[in-house]
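So you can see what is in the structure, the chains are spelled out below.
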Amino acid sequence: MKFHWFNLMPWPYLPDDFTEKHRSVWVDVDSRLFDPVKANRVYNDYLDLLEFAEDLGYDGLGINEHHQNAYGLMPSPQLMAATLARRTREASILLLGQSLALYDPPTRVAEEMAMIDCMSGGRLISGFPVGSSMDDNYACGVNPATLREKYLEAHDLVRRAWSDPDVFAWNGKHYKLRYVNLWPRPIQNPPPIWIPGGGSVETWDFCAQHHYNYSYLSFSGYLRGAQLMEGFWRRMEELGCEFNPYQAAFAQQICVAETDAEAQRLYEKHARYFFSRCLHIHPGFADAPGYRTEPTIRAGLVTQMAGQSSAMNQAASLSWQEMIDKGYIIAGSPDSVAEQMERVARTLKVGHLVCLLHFGDMPNEVCRYSTEMFAKHVMPKVRPIWNEYEDHWSPKPMPREDRAVPRAVTMPDVPPVGPPARIAGAR
Amino acid sequence: MLVGTQGMQVHYYRAGSGEPLLYLHPMLGLHGCDAALTELSRHYDVIAPYAPGWGPAKDDLPRIDPGPLDITLHQCDVLDALGIARAHVVGSSIGAWMAAELAAIAPTRVRSLVLVNPLGLWLEEAQGEDPFAQHPGYPSRIQFSDKRMREELLINGRDKMDAHVEELLNLRAAAKFLWPIPDTGVKRRLSRIKAPTLVVTSGLDRIVPAAHGPAWQSAIKGAGLKIIAEAGHAAELEQPQAFANLVHSFVRELH
């Protein structure tokens, strides 16, 4: 098993009456609710947590891309990946991921990921989500009628830009470039590619065709996740793909304390903040017409977020124990959590666990505690699962001894404020 | 029938006799338009084709580029395939935009022009609601003045899943041309329209605010303006009689 520490980076200061007074946490959420001065500490705390996770032995550090919302403050995950490339040594940088169709030209994504791979010594995992409807269609204006076409063409262009050593012309339907010649190039050829998906059947076929990891990101809990993953593995088998649990990843809210009761005491309010405020998405922004294809509509699959508009405000009304029983959250003592983790790993058959150990408005110290408890008392128990399989979807970095070591950072002390300067001639 | 040089298959409704009248359907497609078309067919040879991307033509959407050119050439191809040199053209909602472009770019094909709740202009001070940012469970409800009408006109009597899928895919087709802001650049071409024109707006249209009526009227030489008070954006679906009467009185006046 591999464990990746992931933070959605929510805005933790949404008011208690947020869901009554505001229709959406996304797209048209009132910008006056954001405080840039507070954000100085918010961003730095979150980056501290990611670095701390490396110290504790998490395999990967996860970041992602979302726009115009209080659910996640990273419109540019590349910026986060850049600071992690310098300030971490071993962990994978799980950039999950850049929404390809939002970049014009898409070679921009290829370039930025190449930079990060070089800077980090080859530790990048490159995620290529289609992106949510809120982000792509409503915040960034991409036409839902052509979004998937654009995404697929952008993907093909990025793959070729990384691999074709010669200058080439790209005469596509959506992108035309006369001279494509990527400088820099990634160390890994190519970096492992993960496709975050939330419920499109096409994504499964895409992952099978290209041998990509399918990362199921959904907040409907692991019971629903199990149903979907069953469909996924069945489809993979139909398509003749050899089973390997490392070809799948699953994201899950997790929190650990000494006892089950203590976990509730420490974490419940933050879970509620997440489920009721962070997922308070106006249904009109969840699923633009054309965002879901006809087969996906007919399969009754709702996208990651559209499902949230109805399903998730249900989670918000559940009791703590119901949240756990229904799989929305994994919580409790180390033994409880290890048992739930094993169940998730084996039922969903996933080799990569994306551990959302920070959620909602959880303060820094509380998250550090949960992160440490998980690393020290749960990870060792669950790690051996799937050891008989080889993980082809993690980075293959440069040997450690060959990698550049960034200069150590020491912040010079801020000099104390001295006595006011004497004004010459004054008495 | 097959039209054009790319061999596009076009499904269309045709009824009535008299002068040919080309009806260019709204965002909702042709479902629910039966009463309106039947009324029109009492006086005209009504042809109502599914535009590429709508209804049974849903898979043709990738073959048409956004913008006025491909769709206008397509409408000319439809008229050619039917052997019609000139027609009265009645367009509704996005169909009104297409009709205006046809009248501007291929004026010899258009005998007269009726634009019902036209999309295609953007007025900063009168933006209207976003037809594409609606609840995915009932995304076209906002186009009706009474929410039950969506169920009555689009869903009842049909397989629910089929009806809902068509509703979403029809909106997708409209999105291809109108996303994210329904400013199609037609403003620059309206002065080219020579056909006698009537603009019709609805009193209860939440998508196209009342101010758009005079905006279209003032941009088209000699255009008239009429209002159907008790109807939402889908005017001819809600008020087929009033709609057909307006068209007929207008066309009759031309002679």
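Everything discussed here concerns the structure shown above.
Enquirer: How should the overall build of chain B be read in this particular structure?
Expert: Along the backbone of chain B there are eight helices and nine strands. Taking 18 Å as the expected radius of gyration for a compact globule of 255 residues, we find that chain B reaches 16 Å, a close match to that expectation. The dimensions of chain B, computed from C-alpha atoms along their principal axes, are 45 × 40 × 35 Å. When each of the 255 residues of chain B is scored for burial, the buried share is 59%.

Enquirer: Where do I start with the sheet that holds strand β4 (residues 19-24) of chain B in this structure?
Expert: Pairing between sheet strands relies on hydrogen bonds along the backbone, with the strands arranged either parallel or antiparallel. Residue and element names in this part refer to chain B. If you trace the seven strands from one edge of the open sheet to the other, you get β3-β5-β4-β6-β7-β8-β9, paired in mixed fashion. Lying at the two open borders of the sheet, with one neighbouring strand each, are β3 (12-15) and β9 (224-228). Taken over all neighbouring pairs, the strand axes of this sheet differ in orientation by 20 degrees on average, direction set aside. In this sheet, strand β6 (residues 87-92) lies alongside β4 in parallel orientation, the contact comprising four bridges. Of the residues in β6, the one forming a bridge with Leu-21 is His-88. Running at roughly 150 degrees to strand β7 (residues 110-116), helix α3 (residues 94-105) makes contact with β4, β6 and β7 of the sheet. In this fold helix α8 (residues 240-253) packs onto β4, β5 (44-49), β6, β7, β8 (197-202) and β9, with an angle of close to 150 degrees to the strand it touches most, β7.

Enquirer: Can you walk me through the interface of chain A and chain B in this structure?
Expert: How big an interface is tends to be stated in terms of the accessible area lost upon association of its parts. Tallying the contact residues gives 22 residues for chain A and 20 residues for chain B. Of all residues in chain A, Pro289(A), Ile297(A) and Arg298(A) bury the most surface against chain B, accounting for 30% of the area lost on that side. In this assembly, chain A and chain B are joined by two salt bridges. Along the contact surface separating chain A from chain B lie nine residue pairs in polar contact (both at pLDDT 80 or more).

Enquirer: Even after reading the chapter, I still don't get the pattern of salt bridges, so can you show me in this structure?
Expert: If charged atoms from side chains of opposite charge come close, those side chains can pair. Inspection of every chain in the model, using the stated rule, returns 36 salt bridges over all chains. For Glu268(A), the salt bridge is made with Arg272(A), and the minimal N-O distance between the two is 2.9 Å. In this pair, Glu268(A) and Arg272(A) both sit in helix α9 (residues 260-278), four residues apart, roughly one turn of the helix. You can call Arg272(A) partly exposed: its relative accessible area is 23%. Put simply, Arg150(B) and Glu151(B) hold a salt bridge, and the shortest N to O gap is 2.5 Å. Classification of Glu151(B) as partly exposed rests on a relative accessible area of 25%.

Enquirer: Help me understand the pairing of strand β11 (residues 352-356) of chain A, please; the structure alone is not making it clear to me.
Expert: Regular strands place their side chains on alternate faces of the sheet. Residues and elements named next belong to chain A. The buried fraction of β11 is high, at five of five residues. Residues of β11 alternate between two faces, with His-352, Val-354 and Leu-356 on one and Leu-353 and Cys-355 on the opposite face, all of them buried. One ladder, built from four bridges, connects strand β1 (residues 2-6) with β11; its direction is parallel. Residue Lys-2 lies in a different strand from β11, and its bridge partner there is His-352.

Enquirer: So what exactly am I meant to see when it comes to the side chain of His248(B) here?
Expert: Residues and elements named next belong to chain B. You can see His-248 is positioned in helix α8. Exposure remark for His-248: the relative accessible area of 16% places this residue in the buried category. Here His-248 is in contact with His-43 and Tyr-44, once residues within four sequence places are set aside.

Enquirer: Explain the side chain of Ser336(A) to me, please; I cannot follow it from the model alone.
Expert: The topology assignment puts Ser336(A) in helix α13 (residues 334-348). If near-sequence neighbours (up to four positions away) are discounted, Ser336(A) is found in contact with Asp260(A) and Ala331(A).

Enquirer: How should I be thinking about the layout of surface pockets in this particular structure?
Expert: Its volume calculated, the largest pocket comes out at about 490 Å³. Taken together, 25 residues form the lining of the largest pocket, with Trp122(B), Gly128(B), Glu129(B), Asp130(B) and Pro180(B) sitting closest to its centre. The class makeup of the residues in the lining of the largest pocket is 15 nonpolar, seven polar and three charged. Taken as a whole, the second largest pocket encloses approximately 340 Å³ of empty space. Lining the second largest pocket are 18 residues, and of these Ala145(A), Gly290(A), Thr293(A), Pro62(B) and Arg172(B) sit closest to its centre. For the lining of the second largest pocket, the elements supplying multiple residues, two or more each, are α6 (147-163) and α10 (294-298) of chain A together with α5 (160-178) of chain B. Here the lining of the second largest pocket is built from residues that sort into seven nonpolar, three polar and eight charged.

Thresholds, definitions, all that
Residues numbered from 1 in each chain as written. Chains lettered and ligands numbered in written order. Predicted model: local features only at pLDDT ≥ 70, side-chain atom pairs only at ≥ 80, totals over all residues. Heavy atoms only, no water. Helix = DSSP H or I, 4+ residues; strand = E, 2+ residues; numbered from the N terminus. Rg over C-alpha atoms; globule rule 2.2 N^0.38 Å. Buried < 20%, exposed > 50% of the residue type's maximum accessible area, 1.4 Å probe, protein only. Pairing = 2+ DSSP bridges. Axes fitted to C-alpha atoms, helices over the stretch in contact; angles between N-to-C directions. Contact = heavy atoms within 4.5 Å. Buried area = accessible area lost by both parts, 1.4 Å probe. Salt bridge = Lys/Arg side-chain N within 4 Å of Asp/Glu carboxyl O. Polar contact = N/O pair within 3.5 Å; in protein donor to acceptor, adjacent residues only side chain to side chain. 1 Å grid on protein atoms, 1.4 Å probe; cavity = no way out; pocket = protein on both sides within 12 Å on 5 of 7 lines; lining within 4 Å. Points joined across faces, edges and corners; volume = space filled by probe spheres on them. Nonpolar A, V, L, I, M, F, W, Y, C, P; charged D, E, K, R; others polar.

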